[in-house]
Amino acid sequence: MSAAGVALMLGGAGILLAASPAQAAEVSYRTECIPPSISGLPPVQGTTKVQLTAPAEAKVGDTVEVVWKTVAAASSNPDVLDLQKDTVKPTGTIKVGGAASGDLPMEGPRQNPPIPKNSPMVLPDMKGMLKLEKAGEITLTPDAYNINVSKPISTDTKCSPKETVQPGATIKVTGGGGTTAGGTTTGTTVGGTVAGTTVGGTISGTTTGTTTGTTTGGGTTADGGTTAGTTAGGTDTGGTDSGGTTTGSSGGGGGRTDFEGKEVSVAYACKTPIGDKNATSPVKINAKKNGGSFDLTVKFSKSVMDSPADIPADSVKPSMEVKLGGADKGTVHVEGPTNKEPIKSGDPIEIPDLTGTYKPGASGKSTLSPGVLTVMALGTTTTCTPPADVAVSLELDTSSQPGGAAGGSDAGGATSGGGTDSGGGLAATGAEDNGTLRALGLVAGTAILLGGAVFTFTPWRRLRGTR
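None of the values given here were measured: they were computed from a predicted structure.

Student: Explain the packing of aromatic side chains to me, please; I cannot follow it from the model alone.
Tutor: Where two aromatic rings form a pair, the distance of their centres and the angle of their planes describe that pair. Counted by the stated rule, this structure contains three aromatic pairs. With centroids separated by 6.0 Å and ring planes inclined at 70°, the aromatic side chains of tryptophan 68 and tyrosine 145 adopt a geometry described as edge-to-face. Here the residue tryptophan 68 occupies a position in strand β4 (residues 63–72), and tyrosine 145 occupies one in strand β10 (residues 136–149), the gap between them amounting to 77 residues. As far as the burial class goes, tryptophan 68 and tyrosine 145 line up, both buried. Pairing phenylalanine 259 with phenylalanine 294 gives two aromatic rings, centres 6.2 Å apart and planes at 65°, and the pair type is edge-to-face.

Student: Any chance you could explain the confidence of the model for the protein here in plain terms?
Tutor: For the protein, the average pLDDT comes to 71, and 62% of its residues sit at 70 or higher. Contacts for the low-pLDDT stretch residues 1–19, under 50 throughout, to residues beyond four places or in other chains number 72 contacts. The model gives residues 412–467 a pLDDT under 50, and that stretch makes 259 contacts with residues more than four places away or in other chains.

Student: Explanation requested: the state of the cysteines in the structure shown.
Tutor: A disulfide bridge is the covalent bond that connects two cysteines by way of their sulfur atoms. Here the structure, examined in full by the defined rule, presents two disulfides. Paired through a disulfide, cysteine 33 and cysteine 159 show a sulfur-sulfur distance of 2.1 Å. Disulfide cysteine 33-cysteine 159: the torsion about the S-S bond is 110°, which places it as right-handed. Residue cysteine 33 is found in strand β1 (residues 22–34), and its partner cysteine 159 is found in strand β11 (residues 155–161); the two are separated by 126 residues along the sequence. Taking relative accessible area as the criterion, cysteine 159 reaches 3% and is therefore assigned buried. Should the bonded cysteines of the protein be numbered as they appear in the sequence, the pairing reads 1-2, 3-4.

Student: Looking at this structure, how should I read the environment of glutamine 166?
Tutor: Inspection of the secondary structure assignment puts glutamine 166 in the loop between β11 and β12 (169–174). As for glutamine 166 and leucine 140, which are separated by 26 residues in sequence, their C-alpha atoms are 8.9 Å apart. Ignoring sequence-local partners within four residues, the contact set of glutamine 166 consists of Val27, Thr141 and Pro142.

Cut-offs applied
Residues numbered from 1 in each chain as written. Predicted model: local features only at pLDDT ≥ 70, side-chain atom pairs only at ≥ 80, totals over all residues. Heavy atoms only, no water. Phe/Tyr/Trp six-rings, centres within 6.5 Å; stacked < 30°, edge-to-face > 60°. Helix = DSSP H or I, 4+ residues; strand = E, 2+ residues; numbered from the N terminus. Buried < 20%, exposed > 50% of the residue type's maximum accessible area, 1.4 Å probe, protein only. pLDDT = per-residue confidence, 0-100. Contact = heavy atoms within 4.5 Å. Disulfide = S-S within 2.5 Å.

Here it is, written out as structure tokens:
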């Protein structure tokens, strides 16, 4: 045993002795909860109410059970995502004082009823085992705690006291002893790490780790991210002057089959499950002639964002509606595969190449520009729309083909939407700026990895949540 004075045994290790009737006392303290980083939301201020239960008296050498009941968490589940049954798991710390000193780790099961949006968080009781090694009065004081939400991705919300907390229970330890109240904690604490619904996430929010999030409410402003974006301009890869702007290679004739576009910087306006975001990303469109059609490849040149959460394999799928101009009109659907491997928190997020087939609907010089980007992630959708004057990446000499684009949407062999011009934007899914998004926006988790995965988000507008 070290100088901690208590030995923690989780899972029933040791002999549990309730030497006298248990006592229960409730204590309240001002608390600050930090949403998952993936949510981009500010800290939440609230009040935590805890009831500690422990024996009133025990003897040196006894191992006693301490129970932490969260009467009220400092934050609520915001208006973002309904939390499913048995997705919430709390862990925490009790400060041991008086005749002993140290930290007693506490852990609860992943057990909760369904928690609707805009309702109080319901947390299961946490328990810990404390071995008593010195006579005297030992005080137990609730301290920091963590709320992990496992779906849609694992996210954590971390809550800590913002004032001196009063003890919630006292144990009078009698009997023998001359051992030093020291000791190291030998148990383990189980906290989750992100990342989810939130999206916090997660919250759920949900509080994405605690959004996916998890707790929140308590709410103050719920707004978005930090500025870290870079704009990548591309290099001129040989092109013709089109309307005063240098674009990618003009092709389609002369025996050439491969045509490389110019990398252009696209300032996207994104609708995410946690509100509106601005994102800038370098994009290039290449083409390979295939009979009268062209096989397109849309490339995002580099990752400019590290993953803020652990992302499971096969959970993120991007697609884009390439915008046609010049002689031809409409859009071409391209899409990429889902992530084959899990993405660890802190690792770069790479958007794979998006591919599809362009069948021209008109003859002449047709231009291709980055269009609406959609990312599906764990049941959430993020839609990013480029500006109306988005730069042209590639110009091709085209010949009209039966069933070609010509004002419609060229599915390119993949499922596609109707025949609207992508520059006009898609119907957005996710949270609207209606003042309802509060504190721990957790489903965030999934969604900023979503369309924002390769982007660096910058604040666009603050979403104010009023209680």
